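These are the residues of each chain, in order.
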Amino acid sequence: RYSVPSTDDGLFVPDLALTWQLDQGEGRRRELRLRGEGDFHASNGTADYSALGLRWTESFSRDRRFTAGWYRVNNFYLRQLRDEDLPTALGEFRYQRAQFDLNIYSAGWRQRLGRAAHADLGYQFENRKYVPEFRERDSRTHQGDVRVDWDRLPHRGDIEVRVGYRSSDAKATDGAGNVSLIAGPT
């Protein structure tokens, strides 16, 4: 279920990025990037949202690089969900607006391994917070990966090996008693 009055709509999608770079010579470079974006609907304003991101990159000699980032989405409309805390007698009125705010923090390191390969280490933390009616869907997700890429093989070959993990902890209770999570992406 969706709370949109129209199946057709005009969409305004602004996207602006500002990047500052400083080249310090000898392979050393610094970059700071700020980016804002949004989706704004002419008829279905309930689906509007905005996002803001910030990324810092430090590059060093011998193809080494460190990155750190932050990304935030405000008021992302998921859909109408049934609020199990409301009385059954309300019928269709039990469906409430489900929206969330999302913060993502990330860090990564890239290192060349000899002449033919490089390794990447990455970590990301997501914090998703729903409106009060659906606090049971709040979640924190940790994920990381290690990747080794042999990119300078003879005959233009390339081999990549990646290992990762993902651990997500959803609140799963809102403290109001009757709780039922509806299957689907969160």
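Residues numbered from 1 in each chain as written. Predicted model: local features only at pLDDT ≥ 70, side-chain atom pairs only at ≥ 80, totals over all residues. Heavy atoms only, no water.

K.L.:
Explanation requested: the confidence of the model for the protein chain in the structure shown.
P.N.:
For residues with low pLDDT, the predicted coordinates do not support detailed interpretation. Of the residues in the protein chain, 89% have a pLDDT of 70 or more, and the chain-wide mean is 85. In this model residues 178-186 is a low-confidence stretch, pLDDT under 50, and it forms 19 contacts with partners more than four residues away in sequence or in other chains. (pLDDT = per-residue confidence, 0-100. Contact = heavy atoms within 4.5 Å.)

K.L.:
Can you help me understand the nonpolar core in this one?
P.N.:
As a rule of thumb, soluble globular proteins bury nonpolar side chains together. Y49, A51, V73, L78, L81, A98, F100, L102, I104, Y130, V131 and F134 form the largest nonpolar core, which has 12 residues in total. Going through the elements one at a time, β4 (49-60), β5 (64-82) and β6 (95-113) are the ones with two or more residues in this core. In terms of residue count, β6 provides more of this core than any other element does, 4 residues in total. (Core = buried A, V, L, I, M, F, W, Y, C linked by side-chain atoms within 4.5 Å. Buried < 20%, exposed > 50% of the residue type's maximum accessible area, 1.4 Å probe, protein only. Helix = DSSP H or I, 4+ residues; strand = E, 2+ residues; numbered from the N terminus.)

K.L.:
Explain the environment of Y49 to me, please; I cannot follow it from the model alone.
P.N.:
Secondary-structure assignment places Y49 in strand β4. With 26 residues separating them in the primary sequence, Y49 and N75 have C-alpha atoms 5.7 Å apart. If near-sequence neighbours (up to four positions away) are discounted, Y49 is found in contact with G38, D39, F40, V73, N74, N75 and F76.

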